[in-house]
Amino acid sequence: MIKSMTAFARESRSGDFGELTWELRAVNHRYLEPHLRLPEELRALETSVRTRLAARVQRGKLDCNLRYVPAVGLSGSLRVNRAFVEQLLAAGQEVGAIIGRGVEPSPFELLRWPGVLQEQDRDLDEVTAAALDLLERAIDTLLATREREGERLERLLVDRCDRLQESVVRVRARMPEVMTSVRRRLADRLAELRAELDPARLEQEMALVAARLDVDEEMDRLEAHVAEVRDVLKRREPVGRRLDFLMQELNREANTLGSKSADVEVTREAVEMKVLIEQMREQVQNLE
């Protein structure tokens, strides 16, 4: 089953530790590129998060945001960094002596200095385990969303394959009439140049024109590429890059068909093929 690279997942969990929320946003990208935003107290999770993402997601740019709200009363207790305060006071006295004016700071003025208050470490094992477990749930949701979007894209691609095949059939049916018309026009032009035509020379010219206008090989390759697209869509593995390559091959054959065309209807079919292939290519860019 093919998967889209575009998806969103949001999972929350509450417990004695507080509340955790993961938000995962994914868009298309050539490789796996996770961008993490973690709370400062859970920064140590980064390596584990990246490992779990890499184990389950092959491609895509992932924005991963974890929010953590501790339960009331679980915040670490505050303590005064006594040594730092003493250093501040000593520095203040030294500056006062230099300027000839001593000033006694109030306790609350000192508390405003970064580093005066320190939060004591607390046990984060429970919240760490809960965050990683919740991440797995969020990845499950993300992948399920990718699969649903992949099903929609698969239907679209199969429909375009059907229409490409129908176009190939119409071109094949049209080519005998095109060659007859070209033969007739060439004979009329040669008749204007000479009253009597050399049958051998005429046949030689006809063969050269037919070779230049022959599109059987292009039609065969178009059908083969369409069949390969159908086969790839059935694989249970990331197929985005392979399908992108096939879109290039399809487009090359459609361009060649258009350049060889000597008929308005065939030119229209070539243009329609290019439109269908471009529609497919745009969607293939979103596939994992």
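Below: a short report on this structure. Please read these numbers as outputs of a predicted model, since none were measured by experiment. In this convention, every chain numbers its residues from 1, walking through the sequence in written order. Only residues with pLDDT of at least 70 are given local features in this predicted model, and only at 80 or more are side-chain atom pairs given and counted; all residues enter the totals for whole chains, interfaces and linings. Calculated side-chain values reflect all of the structure's heavy atoms, with hydrogen atoms and water omitted.

### Focus on the pairing of strand E1 (residues 7-15)
When E1 meets strand E2 (residues 18-27), the two strands line up antiparallel, connected through 9 bridges. Looking at E2, one finds that Arg 13 is bridged to Leu 20. As consecutive antiparallel partners, E1 and E2 are separated by 2 residues. Think of it this way: DSSP has to see at least two bridges between two strands before they count as a pair. Segments assigned H or I by DSSP are reported as helices when at least four residues long, segments assigned E as strands when at least two residues long, and all are numbered from the N terminus.

### Quick word on the sheet that holds strand E4 (residues 60-70)
Taken together, the 4 strands give an open sheet; going across it, the order is E1-E2-E4-E3, and neighbouring strands pair in mixed fashion. Edge positions in the sheet fall to E1 and strand E3 (32-37), since each has one partner strand and no second. Each strand of the sheet is rotated relative to its neighbour by a mean of 15°, with strand direction disregarded. Of the strand pairs in this sheet, E2 and E4 are connected by 10 bridges, and their pairing is antiparallel. Note that in E4 the partner of Arg 25 across the bridge is Asp 63. In this analysis an axis means a line fitted to C-alpha atoms, helices contributing only their contacting stretch, and an angle means the value between N-to-C directions, from 0 to 180 degrees.

### Regarding the pairing of E3
Here 6 bridges tie E3 to E4, and the two strands are oriented parallel to one another. Among the inter-strand pairings, His 35 is bridged to a residue of E4, identified as Asp 63. Since E3 and E4 lie parallel, the crossover through helix H1 (residues 46-56) that links them has a hand, and here it is left-handed. When the strands point away from the viewer and the path from the first strand over the helix to the second turns clockwise, the crossover is right-handed.

### Details of the nonpolar core
Side-chain atoms within 4.5 Å are what join buried Ala, Val, Leu, Ile, Met, Phe, Trp, Tyr and Cys residues into a set we call a nonpolar core. The cut-offs for exposure are 20% and 50% of the maximum accessible area for each residue type, with area from a 1.4 Å probe on protein chains only; residues under the lower value are buried, those over the upper are exposed, and the others partly exposed. Of all hydrophobic cores here, the largest spans 33 residues; its most connected members are Val 229, Leu 243 and Met 273. Contributing elements (two or more residues each) for this core: helix H4 (125-193), helix H6 (216-233), helix H7 (240-260) and helix H8 (264-284). Ranked by residue count, the leading element in this core is H4, at 10 residues. Two residues qualify as a contact provided that any one of their heavy atoms is within 4.5 Å of a heavy atom in the partner residue. Those residues in contact with Met 273 that lie beyond four places of it in its chain are Leu 164, Ser 167, Val 168, Val 171, Met 219, Leu 222, Ala 254 and Leu 257. By size, the runner-up hydrophobic cluster in this structure holds 29 residues, among which are Leu 20, Trp 22, Ala 26 and Leu 143.

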